[in-house]
Amino acid sequence: MDTFSAAVMLFLIMDPLGNLPIFASILRHIEPKKRRRVLIRELLFALVIMLLFLFAGEAILNFLNLRSESVSIAGGIILFLIAIRMIFPQPGGVVGLAAGEEPFIVPMAIPLMAGPSVLAALILLAHTDGSRMMDWTVALLAAWGLSAIILLFYKVFTKVLGEKGLTAVERLMGMVLVMISVQMFLDGVASYMKAL
């Protein structure tokens, strides 16, 4: 996987357009003056957590004695399930916070921005080729940066795309993620069969 492909994959998993309505509903209850500061703080928390998982990913896999094939197969399955939920949204409300309560790490940084699927993908990237950590860091920063821009200008995107437009884009992203997840799964199976 090249740097661009990794950045696209991470961006799709972060799903900033899908998170727009959730972020908007959380920020709606916070004072207008504080909204941008809170959002930037949560985005930075998410970035730090993702960088920790990217650089500690190899150590985690070694500690758990996992092979790259199992991580690739498991990552493909997780991404597939996330993608299916993007295409066919489940009924369920937004993560509840009391009116005026300021989010702190949860739920905006984790799990909305740095969710389990993003962290699993970062561990997988680090394990697949540990000599390309600079590439993976650039990919992560690019995906996070684009996601951050979309979320910082959530009001503009919501007005331009509208609710139906956001839904359509999220489902399209889900379709692309399905293809990426299937490829990850097949790569893992192929590598395992070769190892046998």
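Predicted model, so just to flag it, every value in this text is computed and none were measured.

Thresholds applied
- Residues numbered from 1 in each chain as written.
- Predicted model: local features only at pLDDT ≥ 70, side-chain atom pairs only at ≥ 80, totals over all residues.
- Heavy atoms only, no water.
- UniProt positions renumbered as here; feature names shortened; annotations may be inferred.
- Helix = DSSP H or I, 4+ residues; strand = E, 2+ residues; numbered from the N terminus.
- Axes fitted to C-alpha atoms, helices over the stretch in contact; angles between N-to-C directions.
- Left-handed = near helix turned anticlockwise from the far one by under 90°.
- Contact = heavy atoms within 4.5 Å.
- Nonpolar A, V, L, I, M, F, W, Y, C, P; charged D, E, K, R; others polar.
- Phe/Tyr/Trp six-rings, centres within 6.5 Å; stacked < 30°, edge-to-face > 60°.
- Lys NZ or Arg CZ within 6 Å of the ring centre and 35° of its normal.
- Buried < 20%, exposed > 50% of the residue type's maximum accessible area, 1.4 Å probe, protein only.
- Core = buried A, V, L, I, M, F, W, Y, C linked by side-chain atoms within 4.5 Å.
- Parallel < 35°, antiparallel > 145°, perpendicular 65-115°, else oblique.

1. Points about the UniProt feature "transmembrane region" (unreviewed entry) in the protein chain
Turning to step 1, where the next piece is worked out: Mapped onto this structure's residue numbering, the UniProt feature "transmembrane region" (unreviewed entry) falls at residues 6–27, 39–64, 70–88, 104–126, 138–157 and 169–186.
Turning to step 2, where the next piece is worked out: The distance from the first to the last C-alpha atom of residues 39–64 is 34 Å, and the span holds 100% helix and 0% strand.
Turning to step 3, where the next piece is worked out: This span, residues 138–157, is 95% helix and 0% strand, and a straight line between its end C-alpha atoms measures 25 Å.

2. Concerning the packing of helix H2 (residues 16–27) against helix H7 (residues 133–152)
Turning to step 1, where the next piece is worked out: Running from N to C, H2 and H7 point in directions that differ by 35 degrees, and their axes come no closer than 10 Å. Viewed along their axes, H2 and H7 form a crossing whose handedness is right-handed. Where H2 abuts H7, its residues Pro16, Leu17, Asn19, Leu20 and Phe23 lie against Ser147, Ile150 and Leu151.
Turning to step 2, where the next piece is worked out: Grouping the constituent residues of the contact of H2 with H7 by class yields 6 nonpolar, 2 polar and no charged.

3. Some remarks on the packing of aromatic side chains
Turning to step 1, where the next piece is worked out: In the structure shown here, the tally under the stated rule is 1 aromatic pair.
Turning to step 2, where the next piece is worked out: Summarising the aromatic geometry, the rings of Phe45 and Phe104 are spaced 5.2 Å apart at their centres and angled 80 degrees between planes, so their arrangement reads as edge-to-face. One end of the pair, Phe45, is in helix H3 (residues 32–64); the other, Phe104, is in the loop between helix H4 (68–87) and helix H5 (108–113), and 59 residues separate them in sequence.
Turning to step 3, where the next piece is worked out: Lying across the ring of Phe153, Arg36 places its NZ or CZ 5.5 Å from the centre.

4. Things to note about the environment of Gly162
Turning to step 1, where the next piece is worked out: Inspection of the secondary structure puts Gly162 in helix H8 (residues 154–195).
Turning to step 2, where the next piece is worked out: Judged by relative accessible area, which is 21%, Gly162 ranks as partly exposed.
Turning to step 3, where the next piece is worked out: Taking the C-alpha atoms as reference points, Gly162 and Gly115, separated by 47 residues in sequence, lie 25 Å from one another.

5. Considerations on the nonpolar core
Turning to step 1, where the next piece is worked out: Counting residues in hydrophobic clusters, the biggest one holds 59 residues, and the most contacted among them are Met9, Leu10, Met14 and Met50.
Turning to step 2, where the next piece is worked out: Considering every element that reaches this core, the biggest residue donor is H7, with 10 residues.
Turning to step 3, where the next piece is worked out: Met9 has contacts with Met1, Leu79, Ala121, Leu125, Leu177, Ile180 and Met184, leaving out every residue within four places of it along the chain.

6. Description of the packing of H3 against helix H6 (residues 116–128)
Turning to step 1, where the next piece is worked out: Running from N to C, H3 and H6 point in directions that differ by 55 degrees, and their axes come no closer than 8 Å. Taken together, the axis directions place H3 and H6 in an arrangement best described as oblique. Pair H3 / H6 crosses with right-handed handedness. Facing Ile49, Met50, Phe53, Leu54, Gly57, Glu58, Ile60 and Leu61 of H3, the residues of H6 in contact are Val118, Leu119, Leu122, Ile123, Ala126 and His127.
Turning to step 2, where the next piece is worked out: For the contact of H3 with H6, the residue count by class is 11 nonpolar, 2 polar and 1 charged.

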